[in-house]
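Chains, contacts and geometry: an overview
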Amino acid sequence: MNKNDVILHVDHMCKSFGDLQVLNDVSFDVHRGEFLCIVGPTGCGKTTFLNCITGLYELTSGQILVNGEKVDTKKHNIAYIFQEYSTMSWLTVEENVAFGLKMKRKPKDVIDREVAEVLEMVGLTK
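Our subject in this report is the structure included herewith. Owing to the predicted nature of the structure, the values given are computational and were not obtained by experimental measurement.

Cut-off values and rules
- Residues numbered from 1 in each chain as written.
- Predicted model: local features only at pLDDT ≥ 70, side-chain atom pairs only at ≥ 80, totals over all residues.
- Heavy atoms only, no water.
- Helix = DSSP H or I, 4+ residues; strand = E, 2+ residues; numbered from the N terminus.
- Buried < 20%, exposed > 50% of the residue type's maximum accessible area, 1.4 Å probe, protein only.
- Contact = heavy atoms within 4.5 Å.
- Areas by Shrake-Rupley, 256 points an atom, 1.4 Å probe, with all protein chains shown as cover.
- Lys, Arg positive; Asp, Glu negative; His and termini not counted.
- Charge placed at Lys NZ, Arg CZ, Asp CG, Glu CD.
- Phe/Tyr/Trp six-rings, centres within 6.5 Å; stacked < 30°, edge-to-face > 60°.
- Pairing = 2+ DSSP bridges.
- Expected span 1.5 Å × (residues − 1).
- Arc of directions from axis to C-beta.
- Salt bridge = Lys/Arg side-chain N within 4 Å of Asp/Glu carboxyl O.

As a further point, take the overall build of the protein. A tally of helices and strands in the protein yields 3 helices and 4 strands. Going residue by residue from the N terminus, the α and β elements of the protein occur as β-β-α-β-β-α-α. Considered along the principal axes of its C-alpha atoms, the protein spans approximately 45 × 35 × 25 Å. The buried share of the protein, taken over its 126 residues, is 25%. For the protein, the share of sequence-separated contacts (at least 6 apart) that also reach a separation of at least 24 residues comes to 49%. Of the accessible surface of the protein, which amounts to about 9500 Å², a share of 55% is contributed by carbon and sulfur atoms. Treating the 14 positive side-chain charges of the protein as one cloud and the 17 negative ones as another, the clouds have centres 6 Å apart.

In this description, a pair of aromatic rings is defined by centroid distance and the angle of the planes. Under the criterion given, the structure shown has 2 aromatic pairs. A ring pair is formed by Phe17 and Tyr57, whose centres lie 5.4 Å apart and whose planes are at 80°; its orientation type is edge-to-face. With Phe17 in strand β1 (residues 6–17) and Tyr57 in the loop between α1 (46–53) and β3 (61–66), this pair connects stretches of sequence that are 40 residues apart. Residue Phe17 is classed as partly exposed on the basis of its relative accessible area of 36%. Owing to a relative accessible area of 32%, Tyr57 belongs among the partly exposed residues under this scheme. Note on Phe28 and Phe49: the rings are 5.8 Å apart at their centroids and 35° apart in plane angle, and the pair reads as tilted.

The pairing of β1 with strand β2 (residues 20–31) spans 8 bridges and is antiparallel. Opposite Val6, over in β2, you have His31 as the bridge partner. Hairpin geometry of β1 and β2 is characterised by an intervening segment of 2 residues between the two adjacent antiparallel strands and by a positive phi of about 65° at Gly18.

What follows deals with helix α3 (residues 108–121). End to end, α3 covers 20 Å across 14 residues, agreeing with the expected 20 Å (1.5 Å per residue, within 8%). Taken as a whole, α3 has its buried residues at Val110, Ile111, Val115 and Leu119. Relative to the axis of α3, the buried residues are bounded by an arc of 155° and lie together on one face. Opposite its buried face, α3 presents the exposed residues Asp109, Glu120 and Met121, each directed more than 90 degrees away. Remark: Gly123 follows α3 within two positions and exhibits a positive phi of approximately 80°.

With that settled, the discussion passes to the pattern of salt bridges. Across all of its chains, the model carries 3 salt bridges by this definition. The residue Lys108 makes a salt bridge to Asp112 at a minimum N-O spacing of 2.8 Å. On the criterion of helical spacing, the pair formed by Lys108 and Asp112 is a turn pair, its members being 4 residues apart in helix α3. Sharing partners across several salt bridges, the network here consists of Arg113, Glu114 and Glu117.

Bear in mind that shape data such as this cannot, by itself, settle questions of function.
In structure tokens, the structure reads:
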């Protein structure tokens, strides 16, 4: 794989809350077509990690680049799904999956296509 295939570049990411260092010198690349899973025990920093990647938290030090540019949620298509209490029980599975795309005001054809891809990915095809 070459450098142009890197879609996510995390370089020496550190995040602290006061004296509590949650993430310390995390570096990695994700290349186009790769699938990344973040796993670990409760309290190890997974949510902090995701909040940094999505730009919800400012890094204490280091940098995060998406397609070679500083992460920007208005420009880059970045989102994550919470583990619990994240679905709206009054919506169908399809409507829950489409919710974020609708909030980003994606065109209906794009929403329909992306929702179908996600549902197929997890074995929930119509």
